[in-house]
Amino acid sequence: MSRQNSRDYDYLVVGAGLFGSVVAWRAVQAGKRVKVIDRRNHIGGNLYCADYDGVAVHNYGPHIFHTSDEQVWQWVNSIVEFVPYINSPIANYHGKLYNLPFNMNTFHQLWGVTTAEEAQQKIESQRGGITNPQNLEQQAISLVGTDIYNTLIKGYTEKQWGRDCSELPADIIRRLPVRFTYDNNYFNDTYQGIPRGGYNEFIARLLVGADVELECDFFDNREHWEGVADKIVYTGEIDRYFDYCYGKLEYRTLRFEHEQLNIPDYQGVAVMNFTDRETPYTRIVEHRHFDSSCTAEHTVITREYPSEWQAGAEPYYPINNQKNSQLADKYRALAEQSTTIFGGRLAEYRYYDMHHIVKKALQIEL
Ligand code: FAD
């Protein structure tokens, strides 16, 4: 990049989350002067882990890195070693436990069946002959039948989205992975793990060489920040960048209730989903189980409550209905004409797993 002026930095990166941190790393590697700002009081965005006296708490929900992309896996491991971790959540429906994802263990727990053929027949007999599903309820039943839907999908999904499955669009669920083997590994990816030392160490290593400033919102002094660097990489909300000129995008948000308990183990597993509608939270996460080397004598659990997003709340999940998709397309068109580089889940208004973010941030033209 040719320098036509004498600004302090080559790049200003707005957001020290995963996208911003990978981009900052690349720029520093290329010998550029990089400033990173974040409105939060920590680096890492939603990957941030809080230390509860020796238990690393995934502050914004459980994060398990999984990918089948060899290059992405090699790259993240070149920054920090990843410790193997297999995600095997348990579903709790009115106190009865089921393995996830839906597999032969689940089918045995539901129906007592022991062969794939018996399980397939059970599902087939409950699909209700639905050929053109009009809503999420019909879609789910057409894919996995009524028992799995009622026990393991309905309540959880209704809590997640805040409305009945019969009022949700069918295309929220395109497919539901069903396995006819005894395999509780949630993800199908080749590689799965959590950074040794946690995500904070991973992000800290990515930001070595960058000038990082926290508790600093780009919009509190936009004019100043627009003048400090030749190029801006923006990872915040896309509609805010354009002053909500077409209106506000909507999100689902989450409330995390962390609790430290003076017992070594609470539920014996990292993630337990509560699939009934009555329990107000969707899951309890017990963080020590993410790290087999954790020696703490206490444990920390987090109850996760989904809710409607309002201004000021943390935006977690984009809501991909027609209204928001059309709005997001209009903002993305503006972003394409801008000299600012937009990247990450908020700046693109798309749900991305971490491996998608790493891949995009490694490939994006700077
Ligand atoms: P963020 O992490 O949100 O980073 C953006 C940063 O920009 C934030 O730190 C924010 O404070 C900052 N910022 C925004 N606006 C401004 C501003 N105006 N000024 C200054 N700073 C600003 N992915 C997986 O692969 N595996 C999982 O198990 C997994 N679990 C998840 C669980 C939950 C509950 C959620 C919500 C997501 C999960 N994800 C998971 C997805 C993962 O969190 C994202 O892929 C990743 O965090 C996206 O990184 P990002 O940099 O785009 O966004």
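All chains use their own residue numbering, which begins from 1 and follows the written sequence. A pLDDT threshold of at least 70 governs which residues receive local features in this predicted model, and a stricter bar of 80 or more applies before side-chain atom pairs are shown or counted, although totals over entire chains, interfaces and linings include all residues. As a rule here, side-chain values come from all non-hydrogen atoms in the structure, and water together with hydrogens is ignored.

A. Just the layout of surface pockets, in detail. Space inside the second largest pocket adds up to approximately 400 Å³. Lining the second largest pocket are 24 residues; nearest its centre among them are Ile194, Pro195, Gly198, Phe290 and Asp291. Helix and strand definitions here come from DSSP, where helices need a minimum of 4 consecutive H or I residues and strands a minimum of 2 consecutive E residues; each element is numbered from the N-terminal end. Elements that contribute at least two residues to the lining of the second largest pocket include exactly strand 4 (55-58), strand 6 (82-84), strand 9 (191-195) and helix 6 (198-206). Among the elements that take part in the lining of the second largest pocket, helix 6 stands out by supplying 4 residues, more than any other. In this analysis a 1.4 Å probe is tested at points of a 1 Å grid over the protein atoms alone, and where it fits but cannot get out there is a cavity; an open set with protein on both sides within 12 Å along at least five of seven lines is a pocket; lining residues have an atom within 4 Å of a point. Grid points are joined across faces, edges and corners, and a volume is the space filled by probe spheres set on the points.

B. Region of interest: the nonpolar core. Judged by nonpolar contacts, the single largest core of 49 residues is most densely connected at Leu12, Phe107, Ile148, Ile153 and Phe218. Elements supplying a minimum of two residues to this core: strand 1 (9-14), helix 3 (104-111), helix 4 (116-125), helix 5 (136-161), strand 11 (229-234), helix 8 (238-241), helix 9 (322-337) and helix 10 (345-348). Examining the composition of this core, we find that 9 residues originate from one element, helix 5, more than from any other. Taken together, domain 1 (3-86 + 191-249 + 318-363) and domain 2 (94-173) each give at least three residues to this core, which thus spans both. Any two residues having at least one pair of non-hydrogen atoms within 4.5 Å are treated as being in contact. In this structure, Phe218 is in contact with Leu12, Val14, Ile37, Trp225, Glu226, Ile232, Tyr234 and Tyr241, ignoring residues within four places of it in sequence. For the purposes of this section, nonpolar cores are sets of buried Ala, Val, Leu, Ile, Met, Phe, Trp, Tyr and Cys residues that join through side-chain atoms within 4.5 Å. Throughout, exposure labels follow a simple rule: accessible area from a 1.4 Å probe, protein chains only, divided by the maximum for the residue type, with under 20% read as buried, over 50% as exposed, and the rest as partly exposed. Listed in part, the 44 residues of the second largest apolar core include Val13, Trp75, Phe82 and Leu206. Where a domain begins and ends is set by an automatic assignment or by a domain database.

C. Expanded view of the sheet that holds strand 16 (residues 317-318). The strand order across the open sheet built from 7 strands is 8-7-13-14-15-12-16, with neighbouring strands paired in mixed fashion. Whereas interior strands pair on both sides, the edge strands pair on one side only; in this sheet they are strand 8 (96-99) and strand 16. In terms of strand pairing, strand 7 (residues 90-93) meets strand 13 (residues 271-274) through 3 bridges, oriented parallel. Along strand 13, the bridge assignment pairs Ile90 with Met272. Pairing between strands requires that DSSP locate at least two bridges from one strand to the other.

D. Representation of the packing of aromatic side chains in the model. Only centres within 6.5 Å qualify two rings of Phe, Tyr or Trp (six-membered ring in Trp) as a pair; their planes then separate them into stacked at under 30 degrees, edge-to-face at over 60, and tilted for everything else. For the structure on display, the rule yields 27 aromatic pairs. Relative to Tyr331, the ring of Phe242 lies with its centre 6.3 Å away and its plane at 15 degrees, an arrangement referred to as stacked. Of this pair, Phe242 sits in the loop between helix 8 and strand 12 (251-261) while Tyr331 sits in helix 9, and the two are 89 residues apart along the sequence. No difference in accessibility class separates Phe242 from Tyr331, as the two residues are buried. The ring of Tyr281 carries Arg303 above its face, with NZ or CZ at 5.8 Å from the centroid. Here, over-ring charges are defined by two tests on the NZ atom of lysine or the CZ atom of arginine: distance to the ring centre within 6 Å, and angle to the ring normal within 35 degrees.

E. The arrangement of helix 9 in detail. The span you would expect from a helix comes to 1.5 Å times its residue count less one. With 16 residues, helix 9 ought to run about 22 Å at 1.5 Å a step, and its terminal C-alpha atoms sit 23 Å apart, in line with that. Those residues of helix 9 that sit buried are Asn324, Leu327, Ala328, Tyr331, Arg332 and Ala335. Seen end-on, helix 9 carries its buried residues on one side only, within an arc spanning 140 degrees. Relative to its buried face, helix 9 has exposed residues pointing more than 90 degrees away, namely Gln322, Glu336 and Gln337. As used here, the arc is the angular range of directions from the helix axis to the C-beta atoms.

F. Quick peek at the pattern of salt bridges. Salt bridges are identified by distance alone: a Lys or Arg side-chain nitrogen within 4 Å of an Asp or Glu carboxyl oxygen. On inspection of all chains with the given rule, the structure shows 26 salt bridges. The closest approach of N and O atoms between Glu237 and Arg39, which form a salt bridge, is 3.2 Å. Of this pair, Glu237 sits in the loop between strand 11 and helix 8 while Arg39 sits in the loop between strand 2 (34-37) and strand 3 (49-52); the two residues are 198 residues apart in sequence, bridging distant segments of the chain. The exposure class assigned to Glu237 is buried, which follows from its relative accessible area of 9%. Of the charged contacts, one joins Asp183 and Arg179 as a salt bridge, the two residues approaching to 3.6 Å between their closest N and O atoms. Of the residues examined, Asp183 reaches a relative accessible area of 30% and is grouped as partly exposed. If you follow the salt bridges from partner to partner, you end up with Arg39, Arg40, Glu237 and Glu314 in one network.

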